[in-house]
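Examination of the molecular architecture
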Amino acid sequence: MNNKIYDILKWVAIIVLPAAATFVASIFPLWNLPYADAIAQTITAVGTFLGAVLMVSNYRYKNGDNARDENGNE
């Protein structure tokens, strides 16, 4: 994964998904829209999963598992 993709995914996991979950949990009940809890919890679960995957990727990169370049060559 190159730095640009990592940075975009990190921004989505840290900013976009929590904001979307908060929006859904706050606004859906005001407008009597269905499944607010289920949608907000799903968004939160996706964000948590993405954050965990990115942390593993970051850990591996910082600990030398980046011996290959972006094309998969060593």
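Anything mentioned here points back to the structure above.
Residues numbered from 1 in each chain as written. Predicted model: local features only at pLDDT ≥ 70, side-chain atom pairs only at ≥ 80, totals over all residues. Heavy atoms only, no water.

1. As for the overall build of the protein chain
Of the regular secondary structure elements, the protein chain holds two helices and zero strands. Within the protein chain, the fraction of its 74 residues that count as buried is 18%. Look at the contacts in the protein chain between residues 6 or more apart in sequence, and 47% of them connect residues 24 or more apart. Of the roughly 6,000 Å² that the protein chain leaves accessible, carbon and sulfur atoms contribute 62%. (Helix = DSSP H or I, 4+ residues; strand = E, 2+ residues; numbered from the N terminus. Buried < 20%, exposed > 50% of the residue type's maximum accessible area, 1.4 Å probe, protein only. Contact = heavy atoms within 4.5 Å. Areas by Shrake-Rupley, 256 points an atom, 1.4 Å probe, with all protein chains shown as cover.)

2. Focus on the packing of helix H1 (residues 3-30) against helix H2 (residues 36-62)
Between H1 and H2, whose axes approach to 9 Å, the crossing angle comes to 165°. Taken as axis vectors, H1 and H2 run roughly antiparallel relative to one another. Like other packed secondary-structure pairs, H1 and H2 cross with a definite hand, here left-handed. Counting all contacts with H1, which are made through Tyr6, Leu9, Lys10, Val12, Ala13, Leu17, Ala20, Ala21, Val24, Ala25, Phe28 and Pro29, the residues of H2 involved are Ala36, Ile39, Ala40, Ile43, Thr44, Val46, Gly47, Leu50, Gly51, Leu54 and Asn58. Along the lines of polarity and charge, the residues of the contact of H1 with H2 split into 18 nonpolar, four polar and one charged. (Axes fitted to C-alpha atoms, helices over the stretch in contact; angles between N-to-C directions. Parallel < 35°, antiparallel > 145°, perpendicular 65-115°, else oblique. Left-handed = near helix turned anticlockwise from the far one by under 90°. Nonpolar A, V, L, I, M, F, W, Y, C, P; charged D, E, K, R; others polar.)

Purely geometric numbers; function is a separate question.
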